[in-house]
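# Coordinate analysis (summary)
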Amino acid sequence: MIGNNWDNLLKDEYKKEYFINLKKFIVDEYKNKTIYPKMSEIFNAFMKTSYDNVKVVILGQDPYHGENEAEGLSFSVKVGIQKPPSLINIFSELKDDLGFDPPNHGSLVSWAEQGVLLLNSTLTVVKDNPRSHAGKGWETFTDEVIKLINKKTTPVVFILWGSDARSKKSLITNKNHLIIESAHPSPLSAYRGFFGSKPFSKTNDFLIKNKIKPIDWKIKDIWLLFKYFKYLFFFIFKYFFCIIFFKLCNYTWWKTTDTIIEF
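Summary of the structure given here. The model shown is predicted, which means the values in this text are computed figures rather than measured ones.

About the cut-offs
- Residues numbered from 1 in each chain as written.
- Predicted model: local features only at pLDDT ≥ 70, side-chain atom pairs only at ≥ 80, totals over all residues.
- Heavy atoms only, no water.
- Buried < 20%, exposed > 50% of the residue type's maximum accessible area, 1.4 Å probe, protein only.
- Helix = DSSP H or I, 4+ residues; strand = E, 2+ residues; numbered from the N terminus.
- Arc of directions from axis to C-beta.
- Contact = heavy atoms within 4.5 Å.
- 1 Å grid on protein atoms, 1.4 Å probe; cavity = no way out; pocket = protein on both sides within 12 Å on 5 of 7 lines; lining within 4 Å.
- Points joined across faces, edges and corners; volume = space filled by probe spheres on them.
- Nonpolar A, V, L, I, M, F, W, Y, C, P; charged D, E, K, R; others polar.
- Phe/Tyr/Trp six-rings, centres within 6.5 Å; stacked < 30°, edge-to-face > 60°.
- Pairing = 2+ DSSP bridges.
- Axes fitted to C-alpha atoms, helices over the stretch in contact; angles between N-to-C directions.
- Salt bridge = Lys/Arg side-chain N within 4 Å of Asp/Glu carboxyl O.
- Parallel < 35°, antiparallel > 145°, perpendicular 65-115°, else oblique.
- Left-handed = near helix turned anticlockwise from the far one by under 90°.

## Description of helix α1 (residues 5-14)
Listed as buried for α1 are Trp6, Asp7, Leu10, Glu13 and Tyr14. For α1, the angular spread of the buried residues around the axis is 100 degrees, confining them to a single face. Against the buried residues of α1 lie α2 (17-32), α3 (44-48), β3 (116-120) and α6 (138-150).

Have a look at this one:
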């Protein structure tokens, strides 16, 4: 289902009645409603970060519900999509913590590829309807994922932002791991403890202390022109077509009249 060692770890979970029912429900939802992220991206967090590579877990609530925002990674949006307020605040704290300027996009794929599991408690959502898939079974599944990571012998950092994420603290009992918790980066709560919490430097300090390669939190800018190349090509083609068309029309008119036309 996922395509890496998560499948072997979760194979018994896939067979449980709640997950079978969840799968049927989700398939039906995709058939009848607009669901985010795309079905192929539901398990993107696991595809980008295998179990063995997990160094950090950033726990979110559910995917962004705006059009084409979600990409299967908590707090992350696709390249070319406007950054949501919570992500803007995350980048603001990153700047304050480590001095890195915000990138020109909101995709956190580079973090995931380094071992940051960007996990939402609920992995799907109906368009424009937040928490619409809460209580359908995803929480049972992702709780099991947290329990599996808790069993790792190598130290892991769990970053819990907001009350929903902090409610999972009871699942993290392994003393080898570090829990970093604060208010949610939402504009409604960021000033109540998120800003100034310095989660990125604290994470790297812990990883270095345990002889684990730290995360490069700096996200590179992406040249966005390729996304709009087809529109640029169409505009250029249309422009030159119009020039040629009018030139031909003018030439024909000049040939068929006695009037001198200045071009």
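## Topic: the layout of surface pockets
In this structure, the largest pocket encloses a volume near 460 Å³. Contributions of two or more residues to the lining of the largest pocket are made by β2 (56-60), α4 (85-98) and α7 (163-166). Taken together, the residues of the lining of the largest pocket break down into twelve nonpolar, ten polar and five charged. Reported here for the second largest pocket is a volume of approximately 170 Å³. What lines the second largest pocket is simply Met1, Phe19, Leu22, Lys23, Ile26, Val27, Met39, Ile42, Phe43 and Trp138. Of the residues in the lining of the second largest pocket, the class split is nine nonpolar, no polar and one charged.

## Brief notes about the packing of aromatic side chains
By the definition in use, this model includes 18 aromatic pairs. Look at Phe46 and Phe141: their rings are 6.1 Å apart centre to centre, the planes differ by 65 degrees, and that puts the pair in the edge-to-face class. One end of the pair, Phe46, is in helix α3; the other, Phe141, is in helix α6, and 95 residues separate them in sequence. For Phe46, a relative accessible area of 1% puts it in the buried group. Judged by relative accessible area, which is 0%, Phe141 ranks as buried. Here the aromatic residues Trp6, Tyr14, Tyr18, Phe19, Phe43, Phe46, Tyr51, Trp138 and Phe141 are joined through ring pairs into a cluster of three or more.

## Some words on the sheet that holds strand β5 (residues 157-161)
Taken together, four strands build an open sheet; the order of strands is β3-β2-β5-β6 and the sheet is parallel. The open sheet has two edge strands, β3 and β6 (178-182), and neither has a second partner. This sheet shows a mean twist of 20 degrees between the axes of neighbouring strands, independent of strand direction. Pairing geometry for β2 and β3, over five bridges, is parallel. Note on β3: the bridge partner recorded for Gly60 is Asn120. In the packing of helix α8 (residues 199-209) onto the sheet, contacts are made with β2, β5 and β6, and the angle to β5 comes to roughly 165 degrees.

## A few points about the pattern of salt bridges
In this structure the tally under the stated criterion is nine salt bridges. Among the ionic pairs, Glu181 bridges to Lys169, the shortest N-O distance being 2.6 Å. In this pair, Glu181 is assigned in strand β6 and Lys169 in the loop between α7 and β6, connecting sequence segments twelve residues apart. Classification of Lys169 by relative accessible area gives partly exposed; the value is 38%. One connected set of salt bridges, linked through shared partners, spans Arg166, Lys169 and Glu181.

## Notes on the packing of α1 against α6
Packed helices, taken two at a time, are described by the angle their axes make and the gap between the axes. The interhelical angle for the contact between α1 and α6, taken along N-to-C directions, is 135 degrees, at an axis separation of 11 Å. Regarding the angle of α1 to α6, the classification is oblique. In this structure, α1 crosses over α6, and the sense of that crossing is right-handed. Along its contact with α1, which presents Trp6, Leu9, Leu10, Glu13 and Tyr14, the element α6 presents Thr140, Phe141, Glu144, Val145, Leu148 and Ile149. Residues of the contact of α1 with α6, tallied by class, amount to eight nonpolar, one polar and two charged.

## A look at the packing of α2 against α6
With their axes 9 Å apart at the nearest point, α2 and α6 run at an angle of 125 degrees to one another. The angle between α2 and α6 falls in the class oblique. You can see that α2 and α6 cross each other, and the crossing is left-handed. Across from Tyr18, Phe19, Leu22 and Ile26 in α2, the residues of α6 making contact are Trp138, Thr140 and Phe141.

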